[in-house]
Amino acid sequence: GTEFRVASYRFFNAYAYPGVYAVTARADNTTVTVGPGPANVAFQPGGGVDSQGAGTVVLNEGDVLQVASASGGDPTGASVVSDKPVQVIGAHECTF
């Protein structure tokens, strides 16, 4: 699809494990725009995504953009919109 809401898990402070989501492109020159969820949470900046969880990135077929929460953050509810179909997977480094 081209429009998603992320389902993930909060940053686990005891061991510094972030909640994450990954976007995988199926075609070259796929423009992906990500935005933060409904809560004002922190993200680890990088790969074209800022510390608020917002950014626009161009991916080629097979490229993966991984977005991770920062301390106290939860990527659940973040938005992903693309101009071509992508795959979005919510995950966590470790949960019990």
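First, a word on what this report is: a plain description of the structure on this page. Just so we're clear, the structure is a prediction, and the values are computed from it rather than from any experiment.

Digging into the overall build of the chain
- In terms of helices and strands, the chain carries zero helices and seven strands.
- Helices and strands in the chain line up, N terminus first, as β-β-β-β-β-β-β.
- Among the 96 residues that make up the chain, the fraction classed as buried is 40%.
- Look at the contacts in the chain between residues 6 or more apart in sequence, and 79% of them connect residues 24 or more apart.

Side note on the pairing of strand β2 (residues 19–25)
- For β2, the tally of buried residues reaches seven of seven residues, placing the bulk of the element in the interior.
- Of the two faces of β2, the one carrying Gly19, Tyr21, Val23 and Ala25 and the one carrying Val20, Ala22 and Thr24 are both buried.
- Relative to strand β7 (residues 86–92), β2 is paired through seven bridges, and the arrangement is antiparallel. Bridging from a neighbouring strand, threonine 24 pairs with glutamine 87 of β7.
- The sheet contact formed by β2 and strand β5 (residues 64–68) spans five bridges and is antiparallel. Pairing of tyrosine 21 across the sheet is with valine 67, part of β5.

Some thoughts on the sheet that holds strand β4 (residues 55–59)
- Strand order in the open sheet formed by four strands is β1-β6-β3-β4, and the pairing between neighbours is antiparallel. Of all the strands in the sheet, just β1 (3–5) and β4 have a single pairing partner and so form its edges. Neighbour-to-neighbour, the strand axes of the sheet open up by a mean angle of 20°, direction not taken into account.
- As judged from the four bridges shared by strand β3 (residues 30–35) and strand β6 (residues 79–82), these two strands associate in the antiparallel manner. Note on β6: the bridge partner recorded for glycine 35 is serine 79.

Observations regarding the sheet that holds β5
- With respect to topology, three strands assemble into an open sheet ordered β5-β2-β7, the strand pairing being antiparallel. Two strands lie at the open edges of the sheet, namely β5 and β7, each paired on one side alone. Geometrically, the sheet is characterised by an average inter-axis angle of 15° between neighbouring strands, direction not taken into account.

Procedures and definitions
- Residues numbered from 1 in each chain as written.
- Predicted model: local features only at pLDDT ≥ 70, side-chain atom pairs only at ≥ 80, totals over all residues.
- Heavy atoms only, no water.
- Helix = DSSP H or I, 4+ residues; strand = E, 2+ residues; numbered from the N terminus.
- Buried < 20%, exposed > 50% of the residue type's maximum accessible area, 1.4 Å probe, protein only.
- Contact = heavy atoms within 4.5 Å.
- Pairing = 2+ DSSP bridges.
- Axes fitted to C-alpha atoms, helices over the stretch in contact; angles between N-to-C directions.

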